[in-house]
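# Coordinates in review
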Amino acid sequence: MTAAEPVDLSVADLHPALGDPALTSMNFLNEVSERYPGAVSLAAGRPYEEFFDLAAVHRHLDTFHRHLVDDLGHRPEQARRLLLQYGRTKGIVHHLIARNLAVDEGITVDPEDIVVTVGCQEAMFLVLRALRAGPTDVLLAVAPTYVGLTGAARLVDLPVWPVAGGSSGIDLADLAAQVRRARAAGLRPRACYLMPDFANPSGVSIDTAHRRRLLDLAAQEDLLLLEDNPYGLFHSDDGPRPPTLKALDTGRRVVYLGSFAKTVLPGARVGYVVADQRVAGPGGRVGPLADQLAMIKSMVTVNTSPIAQAVIGGRLLEHGCSLVAANTRERSAYTRNLRHLVAGLTRRFPDQPDRPAAVRWTVPAGGFFVVVTVPFPVDDALLDRSARDYGVLWTPMAHFYDDTAPVHALRLSVSAVTPEQIDVGLDRLAALITDELTRRAG
Ligand SMILES: Cc1ncc(COP(=O)(O)O)c(C=O)c1O
């Protein structure tokens, strides 16, 4: 549309979040990749598509249907209604999710404290909508921050205050300082959002001792923690995984956000939230925060598609409710790719300690993401040039910070590519970086 065309509305008259970089970020990144379909994408945090299997989707649906009839004793018409009719707001696979959390994470949760959502994205939205009670409320979030969280916070008018992440995953001194600073300014920090396992985008994980210290601090400061855990299963060593915050949480401090996008299927759009916090209602009635979230959900998406839930439920049932067991092939592919990418970076940028303009990168212990730091600012214009002239896509880290300061880093993802594509992508990225360094030196 050109500027001369008549318009009916102005974005200035719509919700202020529209047009905010947090909301336009994902569309911008998708648009770039659509404009350059021949480019190798080290940008997308999507799961590997070759593992998708349409026949398995039908089988999962049948498995869940059989479970309704054989295990839960539903009559055929009841089972049909559960799958095809409007349904329970909090979902129909909550009992299987509770079993999954017990089997894989050692988390004991009452299924009634779970709300099954349209992806983790809806879970984040519901929680933020519920917590934002007034104009003095703020949300703390470990920076760099997943842009879907920042965007959801914008939509409910909840300012996001960054907390330093650093190499430990969360700087506890900074968290305490930010809480104090917010309170001194008359504001009310409602919660702190973080990803303790292979964070998106930093790739950093928090060790067990630090998790315990974080829970202690949260108790001291009377702060909720929003734990987002889409990547925790994809660890690249064979040792035990650190317990989730929720598994260590004895004081109902942690709201746990789950996604089946990476562990089952993103197309099902199913996630969930565990919200066991006790909420005092009118007349002294006490119920879980999950019930309040369900009330909001009933006005947003009514209920999560039961067909989609059944696909997830069937997959869980076929693996004894263990997503660890269901993802052995995926975990080994992502681990192989992560190692391949790190080795490829090491080969292309051999250590030059005497060179101040060195290229550096993180070496995460799992997950999808590696952050490469370069001696020049990385912005959308450079991404566009990278796609057009070099044929490789990545994500500028600036997208994950809530200010306009230049960021000298980019995020690479290993999840949706083969080792051969990683090689091609890294050759192209190395050419871009070398040319950029030469250009700036000259
Ligand atoms: C950290 C994080 N949280 C939440 C989500 C959204 O998950 P879902 O696809 O289940 O909405 C993603 C998706 O990439 C993510 O990286």
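The structure under discussion appears in the preceding block.
The following paragraphs examine the structure supplied in this document. (Residues numbered from 1 in each chain as written. Predicted model: local features only at pLDDT ≥ 70, side-chain atom pairs only at ≥ 80, totals over all residues. Heavy atoms only, no water.)

## Looking at the packing of aromatic side chains
Taken as a whole and judged by the stated rule, the model has ten aromatic pairs. Arranged with centres 6.0 Å apart and planes meeting at 65°, the rings of Phe 368 and Phe 369 form a pair that is edge-to-face. Chaining the aromatic ring pairs together yields one cluster made of Tyr 231, Phe 234, Tyr 334, Phe 368 and Phe 369. (Phe/Tyr/Trp six-rings, centres within 6.5 Å; stacked < 30°, edge-to-face > 60°.)

## Considerations on helix α10 (residues 289–297)
Residues of α10 that are buried include every one of Leu 289, Ala 290, Leu 293, Ala 294 and Lys 297, and no others. Take α10 and look down its axis: the buried residues cluster within an arc of 145°, on one side only. Buried residues in α10 make contact with β2 (114–117), α5 (119–131), β7 (254–259), β8 (271–274), β9 (278–280) and β10 (286–288). (Buried < 20%, exposed > 50% of the residue type's maximum accessible area, 1.4 Å probe, protein only. Helix = DSSP H or I, 4+ residues; strand = E, 2+ residues; numbered from the N terminus. Arc of directions from axis to C-beta. Contact = heavy atoms within 4.5 Å.)

## Looking at the nonpolar core
Leu 128, Leu 226, Leu 257 and Val 273 are the most contacted members of the largest nonpolar core, which totals 38 residues. Only α5, β3 (137–143), α6 (147–155), β5 (188–194), β6 (224–228), β7, α10 and α13 (328–348) provide two or more residues apiece to this core. With seven residues, the single largest contributor to this core is α5. Among all residues touching Val 273, those that are not within four sequence positions of it are Asp 113, Ile 114, Val 115, Thr 117, Ala 123, Val 127, Val 255, Tyr 256, Leu 257 and Leu 293. With 34 residues, the next largest nonpolar core counts Ala 39, Leu 341, Phe 376 and Ala 430 among its residues. (Core = buried A, V, L, I, M, F, W, Y, C linked by side-chain atoms within 4.5 Å.)

## Points about the side chain of Asn 200
Within the secondary structure layout, Asn 200 lies in the loop between β5 and α8 (208–221). For Asn 200, the side chain forms a polar contact with the side chain of Arg 411, separated by 2.6 Å. Apart from residues lying up to four places away in sequence, Asn 200 is in contact with Thr 145, Tyr 146, Met 195, Tyr 231, Phe 369, Phe 400 and Arg 411. (Polar contact = N/O pair within 3.5 Å; in protein donor to acceptor, adjacent residues only side chain to side chain.)

## Describing the pattern of salt bridges
Evaluation of the coordinates by the stated rule reveals 26 salt bridges. Between Asp 137 and Arg 190 there is a salt bridge, with the nearest N and O atoms lying 3.8 Å from each other. Of this pair, Asp 137 sits in strand β3 while Arg 190 is found in strand β5, placing the two residues 53 residues apart along the sequence. No difference in accessibility class separates Asp 137 from Arg 190, as the two residues are buried. Among the ionic pairs, Arg 331 bridges to Asp 238, the shortest N-O distance being 3.6 Å. Linking Arg 331 in helix α13 with Asp 238 in the loop between β6 and α9 (245–248), this pair joins segments that are 93 residues apart in sequence. (Salt bridge = Lys/Arg side-chain N within 4 Å of Asp/Glu carboxyl O.)

## Some points on α5
The terminal C-alpha atoms of α5 lie 19 Å apart, and with 13 residues this matches the ideal 18 Å at 1.5 Å per residue to within 8%. Among the residues of α5, Gly 119, Cys 120, Glu 122, Ala 123, Met 124, Leu 126, Val 127, Leu 128 and Leu 131 are the ones counted as buried. (Expected span 1.5 Å × (residues − 1).)

## Observations regarding the site of the ligand
Near the ligand you find 14 residues, and of these Cys 120, Asp 228, Tyr 231, Ser 259 and Arg 269 are the closest. The contact in question runs from an oxygen atom of the ligand to an N or O atom on the side chain of Ser 259, over 2.7 Å. Relative to its free-state accessible area of 400 Å², the ligand is covered by the protein chains to the extent of 91%. No other element matches α5, which puts three residues into the shell around the ligand. Class assignment of the residues belonging to the shell around the ligand gives a composition of seven nonpolar, four polar and three charged. (Near = heavy atom within 4 Å. Areas by Shrake-Rupley, 256 points an atom, 1.4 Å probe, with all protein chains shown as cover. Nonpolar A, V, L, I, M, F, W, Y, C, P; charged D, E, K, R; others polar.)

## Considering the sheet that holds strand β15 (residues 409–413)
One open sheet accounts for four strands, arranged β11-β12-β15-β14; its pairing is antiparallel. Strands at the two margins of the open sheet, each flanked by one partner only, are β11 (360–361) and β14 (395–396). Relative to strand β12 (residues 369–373), β11 is paired through two bridges, and the arrangement is antiparallel. Opposite Arg 360, over in β12, you have Thr 373 as the bridge partner. The sheet strands contacting α13 are β11, β12 and β15, and the helix crosses β12 at an angle near 15°. (Pairing = 2+ DSSP bridges. Axes fitted to C-alpha atoms, helices over the stretch in contact; angles between N-to-C directions.)

## Some details on the pairing of β2
Covered by surrounding structure in β2 are Ile 114 and Val 116 together with Val 115 and Thr 117, the residues of both alternating faces. As paired elements, β2 and β8 share four bridges and run antiparallel to each other. Note that in β8 the partner of Thr 117 across the bridge is Gly 271.

These values are about where atoms sit, not about what they do.
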